[in-house]
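# Structural characterization, general
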Amino acid sequence: MGKNKLKKFDDLQGYPHVFQYPFALLKEREFEMRGKWGESFFKNSNPIVLELGCGKGEYAVGLAKRFPQKNFIGIDIKGARMWSGAKQALEEGIPNVAFLRTHIELIDRFFAPGEVSEIWITFPDPQMKKVRKRLTSTRFMQLYQQILTPDGLIHLKSDSPFMYTYTCEMVKANGYPVQVATDDLYHSGIADDILEIKTFYEQQWLERGMTIKYIRFVCQPREQFVEPDVDIPYDSYRSFNRGKRSGKQSSQEDTTSK
Ligand SMILES: C[S@@+](CC[C@H](N)C(=O)[O-])C[C@H]1O[C@@H](n2cnc3c(N)ncnc32)[C@H](O)[C@@H]1O
């Protein structure tokens, strides 16, 4: 591991607003702040909003600055990325943001039922071949439902035509009310101060000439979940840090069939 990374991990250990909880640690002891983030950490009872797969945490920090009456928690498994947002929050003295380093799959171990009011999912890997790993699959919806309020919102911002189409189909199959959906956010006329926050990955996609997709829906509680039964064309381009896939590479949004 490089010196730089080691220094970042060292910094994270000492940050009071960063919680690092790999699976091994959870096996030893439960997360003591589950259900108590408000009273134990934020010292208020304001709504809690998560950014999942937060990377450098641009949304967690950006929203925290815009909404002092809400609390924000960025979650990612990669500490070196999270360090950027965590450091910024500390340096700027932003009191309503925290970071949690863990696997999203374990999220119900960190939040009690109804403890979370909104979830942002920013530029996730579309996981075209592995539906179970896709962050808007019904497997994850079941998990999010466990921690969200009954009118809890989910926001997805993505470069990927596959991820966006899949999510729209999943939302339709499960009858979740859609508040906003656009496959070209910055030409839709709805981009505002919030939606214009740009993440690290988003910047790169924009530089490659990609359009940005956005959907916001209500994760109403469901007893049964329906995986959409549709064939969605794979994205034809290779993503940053995403695994190799078949099909030609292109900076355009061409699509090839599964
Ligand atoms: C493509 S990056 C996007 C990062 C950031 N949201 C952005 O837009 O710049 C996806 C992020 O999700 C994180 N991630 C993916 N699956 C995860 C999981 N199951 N648990 C925790 N983090 C995950 C990765 O570590 C990575 O930082």
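Quantities reported herein were computed from a predicted structural model and do not represent experimental measurements.

## Quick notes on the site of the ligand
Around the ligand, 16 residues are found, and the nearest of them are Gly-53, Asp-76, Arg-81, Glu-105 and Thr-199. In the model, an oxygen atom of the ligand is placed 2.6 Å from a nitrogen or oxygen of the Asp-76 side chain. Within the backbone of Tyr-201, an N or O atom sits 3.0 Å from an oxygen atom of the ligand. The residue inventory of the shell around the ligand, partitioned by class, reads six nonpolar, six polar and four charged.

## What about the sheet that holds strand 1 (residues 18-20)?
Within the open sheet, the eight strands sit side by side as 1-4-3-2-5-6-8-7. Their pairing is mixed. Two strands close off the open sheet at either side, each with one partner strand: strand 1 and strand 7 (178-182). When the angles between neighbouring strand axes are averaged without regard to direction, this sheet yields 15 degrees. In this structure, strand 3 (residues 71-76) lies alongside strand 4 (residues 97-101), joined through five bridges in parallel fashion. Across the sheet, residue Phe-72 finds its bridge partner in strand 4, namely Val-97.

## Describing helix 1 (residues 3-14)
With twelve residues, helix 1 extends 17 Å between its outermost C-alpha atoms, agreeing within 8% with the 16 Å of an ideal straight helix rising 1.5 Å per residue. On its buried side, helix 1 packs onto strand 1, helix 5 (79-91) and strand 4.

What counts as what
- Residues numbered from 1 in each chain as written.
- Predicted model: local features only at pLDDT ≥ 70, side-chain atom pairs only at ≥ 80, totals over all residues.
- Heavy atoms only, no water.
- Near = heavy atom within 4 Å.
- Polar contact = N/O pair within 3.5 Å; in protein donor to acceptor, adjacent residues only side chain to side chain.
- Nonpolar A, V, L, I, M, F, W, Y, C, P; charged D, E, K, R; others polar.
- Pairing = 2+ DSSP bridges.
- Helix = DSSP H or I, 4+ residues; strand = E, 2+ residues; numbered from the N terminus.
- Axes fitted to C-alpha atoms, helices over the stretch in contact; angles between N-to-C directions.
- Expected span 1.5 Å × (residues − 1).
- Contact = heavy atoms within 4.5 Å.

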